[in-house]
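Letter by letter, the chains look like this.
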Amino acid sequence: MTVAVLLMHMTSAGGAGSEEKRAGKHAQDAGGGQEGAVTKEVSSLKGEITSLKEEFRLAREKQRLAAEEKKRQEEARYGVPAKTTPVSATGGAGAPAR
């Protein structure tokens, strides 16, 4: 008796055995409302990825600036002169003449 009541309840509530959830009809029902939800989820994920990319870019920049500051402090502490920027290979004081 209890099994029969549970079966009726599940069938009417959309559980196992209900018309909408049977194998042949599920694929037809999934076409309409699911596509919009999937598109919405994909665009949400794209936005989240873009946000994370920006966060990581800012973190890298912050780390780079911290490393530069640490280098400047070490140079100031030990009296090491700052390195000059290298001259390009297309010409300059140290380029060999041809």
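In this report, we go over the structure that sits alongside the text. Since the model is a prediction, treat every value here as computed from it, not as a measurement.

About the cut-offs
- Residues numbered from 1 in each chain as written.
- Predicted model: local features only at pLDDT ≥ 70, side-chain atom pairs only at ≥ 80, totals over all residues.
- Heavy atoms only, no water.
- Helix = DSSP H or I, 4+ residues; strand = E, 2+ residues; numbered from the N terminus.
- Buried < 20%, exposed > 50% of the residue type's maximum accessible area, 1.4 Å probe, protein only.
- Areas by Shrake-Rupley, 256 points an atom, 1.4 Å probe, with all protein chains shown as cover.
- Salt bridge = Lys/Arg side-chain N within 4 Å of Asp/Glu carboxyl O.

## A word on the overall build of the protein
Next up, step 1: Summing up its helical and strand segments, the protein has two helices and zero strands in all.
Next up, step 2: Taken across its 98 residues, the protein has 2% of its residues classed as buried.
Next up, step 3: Total accessible area computed for the protein in this model is approximately 9200 Å², and 61% of it derives from carbon and sulfur atoms.

## A closer look at the pattern of salt bridges
Next up, step 1: Counting across every chain of the model gives five salt bridges.
Next up, step 2: For arginine 64, the salt bridge goes to glutamate 61, with nearest N and O atoms at 2.5 Å. In this pair, arginine 64 and glutamate 61 both sit in helix H2 (residues 23-78), three residues apart, roughly one turn of the helix.
Next up, step 3: Residue arginine 72 pairs with glutamate 69 through a salt bridge whose shortest N-O separation is 2.8 Å. Here arginine 72 and its partner glutamate 69 are both found in helix H2, three residues apart, which amounts to about one turn of the helix.
Next up, step 4: Owing to a relative accessible area of 46%, arginine 72 belongs among the partly exposed residues under this scheme.
Next up, step 5: Through salt bridges with shared partners, one network takes in Glu61, Arg64, Glu68, Glu69 and Arg72.

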